[in-house]
Amino acid sequence: MVGVLSNKISQEELKPGDHIYSWRHFHLYAHHGIYAGDGKVIHFTRGAGQEIGTGTFLDRIIFSSSPSHPKDSPCAQCGDQSMLDGVISSCLECFLYGGDLYIFQYSASPFLFLAKARGGTCTLAPSDPPEDVLHRADFLLKNGFGAYQIFKNNCEDFAIYCKTGLLVFTSVSLGRSGQAASFLAATSAVVSSPLRFLTTSFPGLAAVSCGVYCVSRFVSDIGVRRDVSKVPVERLVAHPGVDVSEAAPEMG
């Protein structure tokens, strides 16, 4: 049952338009997509050989968004997708990459949102109807979703946009991804919080850091942020080079 402890579901519970994800690298990262029905998932990936070249774990995280089954053992349904880049459609088994199936929650209460200390599992924002979600996902499958960026335009950003139509319209370095927000919130809690100087005890420091982390996660969620705007998918694709911050005031 989906709840505070786990968002894990069975394949029989899936419905077209669901935002699903599966954990990679010992739960360091989750890959997200939109279930399209008939055992297919539309998701945003960066193919093998197109990592950011840091030589760090970030390269392995980005590669883990690639479909499974390399050339020597291609999937009978999908074929070899290991080198594909951008928005693709895969069977559910390739998407899961051997992992478990989880569903992303929308319209989460503030209590539930904060109780799920790990980002990338829920949002306070409501989802649009399944037909709108599937329209966006299918449109982006045919037309693309721009360049993959791990902190600003990743697989979770893609799935959240399909579900809500929301885009960040300021020039901040953070997109809609809860995983990215959690990473930056944790960094802020440990390194950047000026409140850490107000206490010298370990319990006090832990409480202050936890508070900073929770507040940072909360204010970064698209359900409460003020720097987001509803952008029709046709406009997004028709003007891929347009700065959303310039286009947003023109939209109702």
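A brief structural summary. (Residues numbered from 1 in each chain as written. Predicted model: local features only at pLDDT ≥ 70, side-chain atom pairs only at ≥ 80, totals over all residues. Heavy atoms only, no water.)

Thoughts on the packing of aromatic side chains
Counted only if it meets this: Note on aromatic pairs: the rings of Phe, Tyr and Trp (six-membered ring only in Trp) are paired at centre separations within 6.5 Å, and the planes decide the class, stacked below 30 degrees, edge-to-face beyond 60, tilted for the rest. Segments assigned H or I by DSSP are reported as helices when at least four residues long, segments assigned E as strands when at least two residues long, and all are numbered from the N terminus. Residue burial is assigned from relative accessible area. The probe radius is 1.4 Å, only protein chains are included, and a residue is buried under 20% of its type maximum, exposed over 50%, and partly exposed in between. Lysine NZ or arginine CZ positioned within 6 Å of the ring centre and within 35 degrees of the ring normal marks a charge as sitting over the ring.
One pass over the full model with this rule turns up 9 aromatic pairs. Plain terms: the ring middles of Tyr21 and Tyr102 are 5.4 Å apart, the flat faces sit at 15° to each other, and that makes the pair stacked. In this pair, Tyr21 is assigned in strand β1 (residues 19–24) and Tyr102 in strand β5 (residues 102–103), connecting sequence segments 81 residues apart. Just as Tyr21 is buried, Tyr102 falls in that class too. Ring pairing ties together the aromatic residues Phe44, Phe145, Tyr148, Phe158 and Tyr161, which thus form one cluster. Geometry around Tyr161 places Arg136 over its ring, the cationic atom sitting 5.9 Å from the centre.

So, the pattern of salt bridges
Rule in force here: Definition used for salt bridges: Asp or Glu carboxyl oxygen within 4 Å of a side-chain nitrogen of Lys or Arg.
Within the structure shown, the criterion is met by 5 salt bridges. Where Asp128 meets Arg136, a salt bridge forms, and the shortest distance between an N and an O atom there is 2.7 Å. With a shortest N-O distance of 2.8 Å, Asp128 and Lys230 are connected by a salt bridge. Remark: Lys230 occurs in strand β7 (residues 228–230) and Asp128 occurs in the loop between α3 (110–115) and α4 (130–143); sequence separation between them is 102 residues. You can call Asp128 buried: its relative accessible area is 17%. Of the residues examined, Lys230 reaches a relative accessible area of 38% and is grouped as partly exposed. Each of Asp128, Arg136 and Lys230 takes part in salt bridges that share partners, so that together they form one network.

Looking at the nonpolar core
Most often, soluble globular proteins keep nonpolar side chains buried together rather than apart. Rules: Here, the term nonpolar core denotes a set of buried Ala, Val, Leu, Ile, Met, Phe, Trp, Tyr and Cys residues that are joined through side-chain atoms within 4.5 Å.
Ranked by size, the top nonpolar core spans 20 residues in total, and within it Leu140, Phe145 and Phe158 carry the most contacts. Looking at this core, the elements with two or more residues in it are β2 (29–37), β3 (40–45), α4, α5 (155–164) and α8 (233–238). Among the elements that line this core, the one with the most residues is α5, at 5 residues. By size, the runner-up hydrophobic cluster in this structure holds 12 residues, among which are Trp23, Ala30, Leu166 and Ile222.

Looking at α5
Think of an α-helix as 3.6 residues a turn; residues three or four steps apart then line up on the same face. Rules: In protein, a polar contact means a hydrogen-donor-capable atom and an acceptor-capable atom, both N or O and within 3.5 Å, with residues adjacent in sequence counting only if both atoms are side-chain atoms; elsewhere, any N or O pair within 3.5 Å suffices.
For α5, the tally of buried residues reaches 10 of 10 residues, placing the bulk of the element in the interior. Listed as buried for α5 are Cys155, Glu156, Asp157, Phe158, Ala159, Ile160, Tyr161, Cys162, Lys163 and Thr164. For α5, the capping residue at the N-terminal end is Asn154, with a side-chain oxygen 3.0 Å from the backbone nitrogen of Glu156. Directly beyond the C-terminal end of α5, a positive phi value near 75° is found at Gly165.

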